[in-house]
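For reference, the chains in residue letters:
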Amino acid sequence: MCGIIGCILYNKKAAPVLLNCVKKLEYRGYDSVGIATSSSIIKIKKDSGKIDDVHENLNLDDLPGDMGIAHVRWATHGLPTKENSHPHTDCKNKIAVVHNGIIENYKEIRDQLIKEGHQFKSETDTEVIPHLIEKYMDMGNDLESATRLAIGNIEGSYAIAAISRDEPNKVVGARKESPLIVGKGNREYFIASDAPAILEHTNKIIYLEDHEMVILSDEGIEIKDSDGNVIKKEIFTIDWTPDMAKKGGYDHFMLKEIHEQPEAVKNTLKEINEIKKIVQKFKKFNRICFVACGTSYHASLIGKYLFEGLIAIPTDVILASEFGYSAEALDENTLVIAITQSGETADTLKALKLVNHKAKTLAIVNVVGSTATREADYVIYIRPGPEIGVAATKTYVSQLVAIYLLAICMSGKEELLEKLQNIPDYMRNALEKEDLIKEIAMKYKDAKDFFFIGRGFSYPTAMEGALKLKEITYIHAEGYAAGELKHGPLALIDDDVPVVAVAPPGKSHEKTLSNVEEVKARGAHVIGLGSSEDEVLKSEAHDMIEFEDKIDEMFSSIHYVIPLQLLSYYISVMKGIDPDHPKNLAKCVTVE
Ligand code: AGP
């Protein structure tokens, strides 16, 4: 949801550094890009389109000055055009601002500013900010005070970076409900939407809280609270390396991240002692309530089957965006588990806020220090490393492992831990099916609709397979409980609709096979996922992805998702889509 960067460097041109940093944020939005630097005047280059294309036309790194701001946009207000691209400026082009978030009352502010004589050039909500800053600077305030006054007018969410021609050695940043971090390098200072963007320059990170402001200058970093008092903040050292945020020889981040999954799972498994420590602090809960969005929601659904199966605790899974609409019966005996890889998803953060200490909260998160980790009572880090591809892959399997570890620790059934140790090997075997999956992708890439079906633990896997396909191939796909097909969607099945049946050995296997027969009887082509010893599925399916392990469905969800990720990836590439940057989407959804 838009990425922002600001920096003050020492004896170095800012534009190439800003360009490099903002490229790392392209996963947050790729509708447009823009850079502003300041020396004696503010110079801006910006346009709609992906960074590489815009850079080819505009030489984005060719701007003077050792300080500046940059932005990648995920459009909310106004089409992705040059005019709507950030940075936005005031009437006199002496102030430039980049913004991530949504200003809910921008219309009223804009109307008022127009009455006061301000002239607007874009359709964005953001443009009111430089004009407000201009108004307050014209009243005699410096950039910092004018920015503080400007954000005092704003309702909604923002992470901003502002510069002014009148104070050419200053970048002012502020946040409310959108992420903003501060990086402390060697006489170089940064603000950014997230840490991987600036890792090549520093791994010393400060996390800003809502209503805090940061002032970068030649003299260093100053952080202030909403009243303007200087505050001291902890500096965290991030253990992610810059290489982790590079493609490492793969064509796309998504493919790299799919292949990193066995390692990701191993890293999550190492968190067992941390999880045990957290569980020791737990009182006895009588209800679990997961809140999450998208792929993290699918991981939570697996959590429901696990917690109810292993501990017999009633477990609800609620889409974070729906959390505020159900009368949540929360009390001190409830544990609310928020699953979010980014730790910055607005819907999930809102749900955590709504819990409002009525229940205990646990966040299962990837990004260290992200907002969710500061909102929740307890935190489990999943540790797969940074995920850049918009489609969640390695963070999903790591979330699953964290949920398995948590459920096992809470149930006291530690003998089950052994089963998880073999999963990385099963995942490697699944990755070896890549060539077969490419062939299957070629065969079905032109289908207009897909169904993914499964029962029990395989139902969320089917939903995740369908989400991946929709997200990066733009093919309509439904993830359905296999037994529910006959209650409606079976009417849609014919020989144009491939059906992916997730059918590992176990309790649900036999019934899933009956559902396979039902769809076949309506002409569907079936792609089966099951055991290499499953002769029935092998004979029924038109295409079969075999797993040599014989592990029960309860532990199958982690490695059975891999062929589904690869299938979507290859169909996406075959259709000429960039799977790392699917249209209309962004990695981190910081608007509700
Ligand atoms: C998954 O491929 C998507 N990019 C999306 O559904 C994502 O899982 C969702 O937005 C939640 O993100 P989070 O885990 O960072 O909260």
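Everything below is about the structure printed above this text.
The present account deals with the structure reproduced in this document.

### Things to note about the packing of aromatic side chains
Logical step 1: Under the counting rule described, the total for this entry stands at eleven aromatic pairs.
Logical step 2: When the centroid spacing of 5.6 Å and the interplanar angle of 45 degrees are considered together, the rings of Tyr305 and Phe457 count as tilted. Here the residue Tyr305 occupies a position in helix α9 (residues 294-310), and Phe457 occupies one in the loop between β20 (449-454) and α16 (458-473), the gap between them amounting to 152 residues.
Logical step 3: Judged by relative accessible area, Tyr305 falls into the partly exposed class, the value being 30%.
Logical step 4: Considering the side-chain rings of Phe451 and Tyr480, the 6.0 Å spacing of their centres and the 45 degrees angle between planes classify their relative orientation as tilted. One end of the pair, Phe451, is in strand β20; the other, Tyr480, is in strand β21 (residues 476-481), and 29 residues separate them in sequence.
Logical step 5: In this structure Phe451 comes out as buried when scored by relative accessible area, which is 2%.

### Comments concerning helix α1 (residues 14-24)
Logical step 1: Of all eleven residues making up α1, eight are buried, and the element is well covered by its neighbours.
Logical step 2: Residues Ala14, Ala15, Val17, Leu18, Leu19, Cys21, Val22 and Lys24 constitute the buried set of α1.

### Digging into the layout of surface pockets
Logical step 1: Reported here for the largest pocket is a volume of approximately 650 Å³.
Logical step 2: Lining the largest pocket are 29 residues, and of these Cys293, Gly294, Thr295, Glu471 and Val589 lie nearest its centre.
Logical step 3: For the lining of the largest pocket, the secondary-structure elements that each account for two or more residues are α9, β17 (334-340), α10 (346-355), α12 (394-411) and α16.
Logical step 4: Among the elements that take part in the lining of the largest pocket, α9 stands out by supplying five residues, more than any other.
Logical step 5: Tallied by class, the residues present in the lining of the largest pocket amount to 14 nonpolar, twelve polar and three charged.
Logical step 6: Of the voids in this model, the second largest pocket is the one considered here, and its volume is about 410 Å³.
Logical step 7: Contributing to the lining of the second largest pocket are 17 residues, with Lys23, Glu26, Lys247, Phe253 and His581 lying nearest its centre.
Logical step 8: Those elements that provide at least two residues to the lining of the second largest pocket are α1 and α2 (51-58).
Logical step 9: No other element matches the three residues that α1 contributes to the lining of the second largest pocket.
Logical step 10: Among the residues making up the lining of the second largest pocket, the classes are represented as five nonpolar, three polar and nine charged.

### Structural notes on the environment of Leu79
Logical step 1: Relative to the helices and strands, Leu79 resides in the loop between β4 (67-73) and β5 (88-89).
Logical step 2: For Leu79, a relative accessible area of 59% corresponds to the exposed category.
Logical step 3: The spacing of Leu79 and Glu123 is 44 residues in sequence and 8.1 Å in space, taken between C-alpha atoms.
Logical step 4: In this structure, Leu79 is in contact with Arg73, Asn84 and Glu123, ignoring residues within four places of it in sequence.

### Considerations on the nonpolar core
Logical step 1: By size, the foremost hydrophobic cluster in this structure holds 87 residues, and its most contacted members are Phe282, Ile337, Ile364, Leu406, Leu420, Phe450 and Ile558.
Logical step 2: If you tally residues by element for this core, the top one is α12, at 13 residues.
Logical step 3: Of all hydrophobic cores here, the second largest spans 34 residues; its members include Cys7, Ala70, Ala192 and Ala197.

About the thresholds
- Numbering of residues begins from 1 in every chain and follows the order in which that chain's sequence is written.
- Since the coordinates come from a predicted model, pLDDT governs what is reported: local features require at least 70, and pairs of side-chain atoms require 80 or more to be given and counted, while whole-chain, interface and lining totals use all residues.
- Water and hydrogen atoms were dropped before computing side-chain values, which therefore reflect all heavy atoms in the structure.
- Think of it this way: a Phe, Tyr or Trp ring, Trp meaning its six-membered ring, pairs with another when their centres are within 6.5 Å, and the plane angle makes it stacked under 30 degrees, edge-to-face over 60, tilted otherwise.
- The helix count covers DSSP runs of H or I at least four residues long, the strand count covers runs of E at least two residues long, and both are numbered beginning at the N terminus.
- Residue exposure (1.4 Å probe, protein chains only): buried if accessible area is under 20% of the type maximum, exposed if over 50%, otherwise partly exposed.
- Buriedness for pockets is judged along seven lines, at least five of which must meet protein on both sides within 12 Å for an open set on the 1 Å grid over protein atoms alone, while cavities are sets there where a 1.4 Å probe fits but cannot get out, and lining residues have an atom within 4 Å of a point.
- Grid points are joined across faces, edges and corners, and a volume is the space filled by probe spheres set on the points.
- Polar here means any residue outside two lists: the nonpolar Ala, Val, Leu, Ile, Met, Phe, Trp, Tyr, Cys and Pro, and the charged Asp, Glu, Lys and Arg; Gly therefore counts as polar.
- By definition, residues are in contact when any of their heavy atoms lie within 4.5 Å.
- Nonpolar cores were defined as sets of buried Ala, Val, Leu, Ile, Met, Phe, Trp, Tyr and Cys residues, with membership established by side-chain atoms within 4.5 Å.

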